[in-house]
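Report on the structure
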Amino acid sequence: MIRYLTSGESHGKALTTIIEGFPSNLKIENEYINTHLKRRQMGYGRGARMKMEPDTAEIISGIRFQKTLGSPICLRIDNKDWENWTDIMTSGKPKEKPEKITIPRPGHADLVGVSKYNFDDIRNSIDRSSARETAARVAACTMARRLLEEFGISVGSFVESIGGIYPARNYSKKLFDNSLDKDFKGWDLSDKSDKSDVRVFEKSQEEKIIKKIQLAKKKGDTLGGTFYTVATGVPLGLGSFVHFDRKLSAAIARDIMSINAVKGVEIGKGFDTAEQFGSVSHDEICNDENGISRRSNRAGGIEGGISTGLPIIVRTAMKPIATLMSPIGTVDLKSMDEMESRRERSDFVAVPACAVISEAVLSWTLAEFFIEKFGGDSIEEMKDNYKNYVNKLKKRVSKNFNVK
Ligand code: EPS
């Protein structure tokens, strides 16, 4: 089994992550991790902080000559803004105690954080609850993405909507119809969406979204949105129906929901099927020249908690950022007076970044189940295990299910 921890405060010295359980001999270049860290920082509507933090991960341990050793891997991302925060966030005795923050922002972890951890300064909880932590998570989970690539699994994403502005065309239709080109890869979605400042496919939608973000900025407001994350090449058989905590769908929902500001996760046609007859909600099984196949992929690649071999399709809803420049009502915890919430430097929109984070997080979840099924001490051993399984699967069921 693989696991990882992250540590670090948003305005602290650095973020770190330790990853444990990876097989040896997986090729990984530092630049590969940094490319994905950079992608997380793209997108129109982010605040000033992103310009100060050109995130790069330093490999501290666990990798030698660009290959994993099988030992714990430690990555570190320095916070470039640390020099401006040393007095505020020092682990030692501050020269001068900074003023305490006592006005919680609704929608952030401020009020619940200070209440639960018995703090009288909101700074103690906001720095860890900040979405800055996702930089460490993307670094860790990019290791999982690299592992999956060895087995032909490819993950990508695109933004469906921001502030309620949807595209003219329905880009998810082909995914659900199971009518994608034979060589379509999840990454193809990102290859295209990365070229847009808001990670959408249509120029006219992009223009409308940018205008709406500009309006939000002018009003001191923020926006949320929805996005799709898709993984192709996932073989039939990850996850299980035998126990609730072994279901792939449940793990994906939990992990995606753990990303800051995510409020909803849908697998396949999810909420849509709740309004439909069963006859148009499921995926008919057919038999073509390669064996068993499906006429559609409304299930989003998972049935009974097990991957079906079709693309995994996850749709996510992100709420608007909680820090508002035109704040809403709150209570000062010191005076107990009702007042307007605090203004603070923040992003106006982070939906494009969230979509990139979801790619990393989905990669980790899939790698966890993949290693559970095909695990070995080295990548070579894993490949043997994988080949043995898919060859039998091809003979028994079908050559169709994305098996390499
Ligand atoms: C965040 C507030 C902003 C964001 C930050 C998340 O930071 P600051 O308060 O320093 O301006 O930029 O996101 C990141 C730093 C990042 O790397 O994603 C928050 O309060 O959640």
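Quick summary incoming for the structure in this document.

The rules behind the values
- Residues numbered from 1 in each chain as written.
- Predicted model: local features only at pLDDT ≥ 70, side-chain atom pairs only at ≥ 80, totals over all residues.
- Heavy atoms only, no water.
- Helix = DSSP H or I, 4+ residues; strand = E, 2+ residues; numbered from the N terminus.
- Rg over C-alpha atoms; globule rule 2.2 N^0.38 Å.
- Areas by Shrake-Rupley, 256 points an atom, 1.4 Å probe, with all protein chains shown as cover.
- Lys, Arg positive; Asp, Glu negative; His and termini not counted.
- Charge placed at Lys NZ, Arg CZ, Asp CG, Glu CD.
- Polar contact = N/O pair within 3.5 Å; in protein donor to acceptor, adjacent residues only side chain to side chain.
- Near = heavy atom within 4 Å.
- Pairing = 2+ DSSP bridges.
- Axes fitted to C-alpha atoms, helices over the stretch in contact; angles between N-to-C directions.
- Contact = heavy atoms within 4.5 Å.
- Phe/Tyr/Trp six-rings, centres within 6.5 Å; stacked < 30°, edge-to-face > 60°.
- Buried < 20%, exposed > 50% of the residue type's maximum accessible area, 1.4 Å probe, protein only.
- Lys NZ or Arg CZ within 6 Å of the ring centre and 35° of its normal.
- Salt bridge = Lys/Arg side-chain N within 4 Å of Asp/Glu carboxyl O.

For the protein, the count of helices and strands is 13 helices and 16 strands. For the protein, the C-alpha radius of gyration of 22 Å lies close to 22 Å, the compact-globule estimate for 404 residues. Each principal axis of the C-alpha atoms in the protein carries an extent, and together these give about 70 × 50 × 40 Å. When the accessible surface of the protein is totalled, it reaches about 19,700 Å², and 51% of it is carbon and sulfur. Each charge class in the protein can be summarised by its mean position, and for the 63 positive and 55 negative side chains these summaries are 2 Å apart.

Another aspect to go through is the side chain of Glu150. Within the secondary structure, Glu150 sits in the loop between α6 (133–149) and β7 (154–162). Separated by 3.0 Å, the side chains of Glu150 and Arg146 make a polar contact. Here Lys383 takes part through its side chain, which lies 2.6 Å from a polar atom of the side chain of Glu150.

The environment of the ligand is made up of His11, Arg40, Arg46, Arg49, Met50, His108, Ser130, Ala131, Arg132, Arg345 and Asp347. Arg40 places a polar side-chain atom, nitrogen or oxygen, 2.6 Å from an oxygen atom of the ligand. The separation between an oxygen atom of the ligand and a polar side-chain atom of Arg132 is 2.7 Å. Relative to its unbound accessible area of 460 Å², the ligand is 94% covered by the protein chains.

Attention now goes to the sheet that holds strand β1 (residues 3–7). Spatial strand order, β1-β2-β6-β3: four strands in an open sheet with antiparallel pairing. With partners counted over all chains shown, the strands left at the sheet margins are β1 and β3 (57–61), one partner each. Between one strand axis and the next, the sheet turns by 20° as a mean value, whatever way the strands run. Where strand β2 (residues 14–20) and strand β6 (residues 73–78) come together, six bridges link them in antiparallel fashion. Looking at the pairing, Ala14 lines up with Asp78 of β6. Contacting β3 and β6, helix α1 (residues 30–40) runs over the sheet at an angle of about 140° to β3.

The strand order β7-β8-β14-β9 describes an open sheet built from four strands, whose pairing is antiparallel. The sheet is open, and its two borders are formed by β7 and β9 (262–267), each paired with just one other strand. Within the sheet, the average angular offset between the axes of one strand and its neighbour, ignoring direction, is 20°. Against the sheet, helix α8 (residues 186–193) makes contact with β7 and β8 (225–232), and its axis sits at roughly 50° relative to β7, the strand it touches most. Against the sheet, helix α12 (residues 351–374) engages β7, β8, β9 and β14 (312–318), with an angle of about 145° to β7.

What follows covers the environment of Asp181. Among the secondary structure elements, Asp181 is positioned in the loop between α7 (173–177) and α8. Sequence separation between Asp181 and Tyr44 is 137 residues, and the spatial gap between their C-alpha atoms is 31 Å.

Overall, the coordinates contain 13 aromatic pairs when judged by the stated rule. When the centroid spacing of 5.9 Å and the interplanar angle of 35° are considered together, the rings of Phe22 and Trp364 count as tilted. Here Phe22 is found in the loop between β2 and α1, whereas its partner Trp364 is found in helix α12, with 342 residues between them in sequence. Taking relative accessible area as the criterion, Phe22 reaches 3% and is therefore assigned buried. Taken together through their ring pairs, the aromatic side chains of Phe151, Phe370, Phe374, Tyr386 and Tyr389 make up a single cluster. One Lys or Arg, Lys116, reaches over the ring of Tyr117 and ends 5.4 Å from the middle of that ring.

Another aspect to go through is the pattern of salt bridges. Under the criterion given, the structure shown has 34 salt bridges. Taking the shortest distance from any N to any O, the salt bridge between Glu133 and Arg137 comes out at 3.2 Å. Of this pair, Glu133 and Arg137 both sit in helix α6, four residues apart, roughly one helical turn. Owing to a relative accessible area of 12%, Glu133 belongs among the buried residues under this scheme. Taking the relative accessible area as the measure of exposure, Arg137 reaches 8% and is therefore buried. The salt bridge involving Glu284 is made with Arg295; its shortest N-O contact spans 3.4 Å.

Note that all results are geometric; they support no functional claim without further evidence.
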